[in-house]
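Residue-level listing of the chains:
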Amino acid sequence: MRFHVRPGPTVGGVAIVPGDKSIAHRWLIFAATAAGPSRLVGLPPSLDVRSMAAALAALTASARPALEAWARNGGARAEGHGSTWNVDRDGVARVALEVEGEGRSALVEAEAPLDCGNSGTAMRLLAGVAAAAPFRTVLVGDASLTGRPMERVAAPLRAMGARVSTTDGHAPMTVEGGRLRGIRYELPNPSAQVKGAILLAGLAATDRTTVVEPVASRDHTERAIAALGGRVDRLGTEIAIEPFQHAGFEARVPGDPSSAAFLIGASVVTGAALTVRDVGLNPTRLGFLRVLRRMGVSIVERITGEELGEPVGEVIVQAGARPTGTRIDRGELPSVIDEVPVLAAVAATAGGETRFEGAGELRVKESDRLAGVADGLSALGGRADVAGDDLVVTGGGLAGGVAGSLGDHRLAMAFVVAALAAQGSSTIEGAQAAEISYPGFAARLADLGGAVEALP
Ligand code: S3P
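Residues numbered from 1 in each chain as written. Predicted model: local features only at pLDDT ≥ 70, side-chain atom pairs only at ≥ 80, totals over all residues. Heavy atoms only, no water.

Enquirer: Describe in detail the packing of aromatic side chains, supporting the description with residues and values.
Expert: In total, this model carries 3 aromatic pairs according to the counting rule given. Geometrically, the ring pair formed by F262 and F441 is edge-to-face, given 6.2 Å between the ring centres and 75° between the ring planes. Taken together, the residues F262 in helix α9 (residues 257-270) and F441 in helix α14 (residues 441-447) connect sequence positions 179 residues apart. Each member of the pair, F262 together with F441, is buried. Taken together through their ring pairs, the aromatic side chains of F3, F262, Y438 and F441 make up a single cluster. (Phe/Tyr/Trp six-rings, centres within 6.5 Å; stacked < 30°, edge-to-face > 60°. Helix = DSSP H or I, 4+ residues; strand = E, 2+ residues; numbered from the N terminus. Buried < 20%, exposed > 50% of the residue type's maximum accessible area, 1.4 Å probe, protein only.)

Enquirer: Describe the nonpolar core, and please don't skip the residues or the numbers.
Expert: Judged by nonpolar contacts, the single largest core of 74 residues is most densely connected at W27, L28, L67, L126, L139, M173 and F249. Ignoring any residue separated from it by four or fewer positions in sequence, one finds L139 in contact with L114, C116, M123, L126, A127, A171, P172, M173 and V175. Ranked by size, the runner-up nonpolar core spans 73 residues in total, among them V11, L274, V317 and F356. (Core = buried A, V, L, I, M, F, W, Y, C linked by side-chain atoms within 4.5 Å. Contact = heavy atoms within 4.5 Å.)

Enquirer: Please give an account of the sheet that holds strand β12 (residues 209-212) that cites residues and values.
Expert: Pairing is mixed across the open sheet formed by 4 strands, whose spatial order is β11-β12-β14-β13. Looking along the sheet, the strands with just one partner apiece sit at the ends: β11 (184-186) and β13 (232-235). Pairwise comparison of adjacent strand axes, ignoring direction, gives a mean angle of 15° for this sheet. Where helix α7 (residues 192-202) meets the sheet, it contacts β11, β12 and β14 (238-241), and its direction lies at approximately 170° from that of β12. (Pairing = 2+ DSSP bridges. Axes fitted to C-alpha atoms, helices over the stretch in contact; angles between N-to-C directions.)

Enquirer: Tell me about the packing of helix α1 (residues 21-32) against helix α4 (residues 120-131), residues and numbers included.
Expert: The angle between the axes and the distance between the axes are what describe a pair of packed helices. Relative orientation of the contacting elements α1 and α4 amounts to 25°, with a least axis distance of 10 Å. As far as their axial angle goes, α4 and α1 are roughly parallel. Note on packing geometry: the crossing formed by α1 with α4 is right-handed. Between α1 and α4, the contacting residues are H25, R26 and I29 on the first element and T121, A122, L125 and V129 on the second. Within the contact of α1 with α4, the residues separate by chemical class into 4 nonpolar, 2 polar and 1 charged. (Parallel < 35°, antiparallel > 145°, perpendicular 65-115°, else oblique. Left-handed = near helix turned anticlockwise from the far one by under 90°. Nonpolar A, V, L, I, M, F, W, Y, C, P; charged D, E, K, R; others polar.)

Enquirer: Describe the pattern of salt bridges, listing the residues and the values that go with them.
Expert: This model, assessed by the stated rule, comprises 32 salt bridges. Ionic pairing is found between R158 and E151, a salt bridge with its closest N-O pair at 2.9 Å. Shared partners join several salt bridges into a network, and the residues in it are R148, R218, D338, E366, R369, D408 and R410. (Salt bridge = Lys/Arg side-chain N within 4 Å of Asp/Glu carboxyl O.)

Right under this line is the structure:
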């Protein structure tokens, strides 16, 4: 599949986006390991979250039918096993998925390796769950995921007492879980996935578990533990939890700010006003709004509610001046880690230079995003270079052209954003990757006015 993009029309209006992928992964785990039934509304029908649901289905008996069915159809019109789902045009599931949890101790050994597909979050968080389960779990993924580093999560889980082996530092990863001890672990690099895995394992440990991060990463795991009634002590970037078995819960997954970032980027580069409603406003995810403000874009956010410890509300972007370049330093990077491609796309259309400093971690995302962003923006007639671990985007506009997604959802969507403000038309190849996190992306952009088509 490819996206064909014609520049010109503005992208604006009022939008909602599918549920947050990071939060959905975690809440699915909490639902499957709860002592009692849970109801989740608003799960995104994205491929990554479906991979997580399928893996959890294999680890549970009571919750299996509902999770399996949801994993199969991603919430497309379906009924059964106590749940009904119905995903609307915006990709938002309106009705609940009901998950019959029987507690962490009721998890069962999977009959086959758990296929995490393209999802690093699924693989790393599930490693944390498997570390506390007294059987063997094998985690596998697609070619992209198999190329990503797994020792970073294996090492702390071993220190807690699990037997974990990787394949030369990668998947397949085998986890033989059991009784765990709490540890104090200083993360060498900020990573919400590794922190999340340690905390999930720590919930089943015999004593207190502490994670110290060099810079704060997204905190969805610790917010959910606290909201479910667990003890979470936070002191700066040090997070400590106590062993805890939570009960079932009900929650609505907020819209994904990382998906909203592409619509917001599209509105900024086309100079239109946009409001995104029902979106997650967790500050650890909103670095991109701070960066855009620094670039001169007028944006406000307004909290209107809370779901399981997560602030929810709206983001309002005003139509305005052309953005100017800025500097994103390494301390700021974790808060924009998934938004670098779209920020780089905006930067390519801006005035002046934008520099993302110390962004080496982007080399081990779904693709080598440092090289991928630089190559893709250059292919679209812009200018972006990798200098050591820095990504440097030279603004001034793009001519248009043909760019490839490298099978990476965020590159596919970021290049569409860049192409919306190019001089000529563009083609983005490998467009199906967008389904990993944002099913229906091109159609939603078209609803908001963009001349974007998904072609076979
Ligand atoms: C995620 C954490 C980040 C992010 C990823 C989702 C999560 O990865 O890039 O898309 O849900 O915990 P790292 O933990 O590797 O930084």
